[in-house]
Amino acid sequence: MENTGNSKEMLRKLLEKIEKQQQIISHISSLPLIEHGDVEKLSACITEVAVEVTGVERSGIWLFNEDETELRCIDLYEATLRQHSCGYIRSGHEFSAEFSCLKSSKYIASDDPLSDTETRGYAETYLKPLHITSMLASVIKYSGKNSGIICFEHVDRKHHWEYDEISFACQLADQIAFAISNRKKKDAEEVMKKKEERYSRIAATIP
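Residues numbered from 1 in each chain as written. Predicted model: local features only at pLDDT ≥ 70, side-chain atom pairs only at ≥ 80, totals over all residues. Heavy atoms only, no water.

**Student:** Where do I start with the side chain of Ser-43 in this structure?
**Tutor:** As for its placement among the helices and strands, Ser-43 is situated in helix H3 (residues 39-54). Residues contacting Ser-43, with those up to four places away along its chain left out, are Ile-61, Ile-74 and Asp-75. (Helix = DSSP H or I, 4+ residues; strand = E, 2+ residues; numbered from the N terminus. Contact = heavy atoms within 4.5 Å.)

So this is what it looks like as structure tokens:
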């Protein structure tokens, strides 16, 4: 009976956890930031919420450059310091195994990044200095191309990534992808508008 009681309690906690995750996704998906294509502000909102919901110490959003040879952090939130930062760069030669894996996988869930094949390549330069002991990275994919990743990172404690956490990270990555898509559309519309204005000015000078 005791095992049955424990199982029911574990199931109840899991369902509550998933419900909270879905509430967050619903809230994020309704933000005007997505429609406006405001990727930076959306990222700051997502990293802070991700830390609160998952209990990780660090949550970051990184975007690839055009040829996918480096990742630039557009927002990193640290729970203990309660602060946002950005601008860090992770180069392809340092993270080649992870970059290669991310081209064909939706996520990397590493319970032990110091020894996992995909992540141990940057143990000395990234993981050890920051005391990162477990890491989950989900791909942000736009128009069939990798645009970046969202990362959850535990510090100084081991963690096994559960399926609901992986799903949560993937859904947050999708919200960022929607914002990127809307930004691209707005940029294209702005370029077209400027061209039309230029052609109108040229046409106005023709007798």
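**Student:** Even after reading the chapter, I still don't get the environment of Thr-133, so can you show me in this structure?
**Tutor:** Checked against the element boundaries, Thr-133 lands in strand E6 (residues 132-142). A C-alpha to C-alpha distance of 7.5 Å links Thr-133 and Glu-153, two positions 20 residues apart in sequence.

**Student:** Where do I start with H3 in this structure?
**Tutor:** An α-helix turns once every 3.6 residues. As a result, residues three or four positions apart point the same way. Here H3 is 16 residues long and its end C-alpha atoms lie 22 Å apart, about the 22 Å a rise of 1.5 Å per residue gives. Every buried residue belonging to H3 is among Val-39, Leu-42, Ser-43, Ile-46, Thr-47, Val-49, Ala-50, Val-51, Val-53 and Thr-54, and all of these are buried. A positive backbone phi angle near 80 degrees is found at Gly-55, which sits one or two residues after H3. (Expected span 1.5 Å × (residues − 1). Buried < 20%, exposed > 50% of the residue type's maximum accessible area, 1.4 Å probe, protein only.)

**Student:** Whenever I open this one, the nonpolar core confuses me. Can you help?
**Tutor:** The tendency in soluble globular proteins is for nonpolar side chains to be buried side by side. The biggest cluster of nonpolar side chains holds 32 residues, and the ones touching the most others in it are Ile-28, Ile-46, Ile-140, Ile-150, Phe-152, Leu-172 and Ile-176. Going through the elements one at a time, helix H1 (2-29), H3, strand E1 (58-64), strand E2 (70-78), E6, strand E7 (145-155) and helix H6 (163-205) are the ones with two or more residues in this core. The element that contributes the greatest number of residues to this core is H6, accounting for 10 residues. When sequence neighbours within four positions are dropped, the list of residues in contact with Ile-46 reads Ile-28, Ile-61, Ile-150, Leu-172, Gln-175 and Ile-176. (Core = buried A, V, L, I, M, F, W, Y, C linked by side-chain atoms within 4.5 Å.)

**Student:** Could you clarify how one ought to interpret unusual backbone geometry in this entry?
**Tutor:** When glycine is set aside, most residues are seen to have a negative phi, and most peptide bonds are trans. Positive phi is not limited to glycine here, since His-131 has a value of about 60 degrees. Checked against the element boundaries, His-131 lands in the loop between helix H5 (123-130) and E6. We note that Ser-143 has phi near 55 degrees; this positive angle belongs to a residue other than glycine. Structurally, Ser-143 can be placed in the loop between E6 and E7.

**Student:** Just to check I follow, could you spell out the pattern of salt bridges for this structure?
**Tutor:** Opposite charge on two side chains allows them to pair when their charged atoms are near. The full count for this structure, using the stated rule, is 12 salt bridges. Two residues, Arg-12 and Glu-9, come together in a salt bridge whose shortest N-O distance is 2.5 Å. With Arg-12 and Glu-9 both in helix H1, this residue pair falls three residues apart, about one helical turn. By sharing partners, the salt bridges in this structure join Glu-9, Arg-12 and Glu-16 into a single network. (Salt bridge = Lys/Arg side-chain N within 4 Å of Asp/Glu carboxyl O.)

Note that every value here comes from positions in space, so none of it alone points to a role or purpose.
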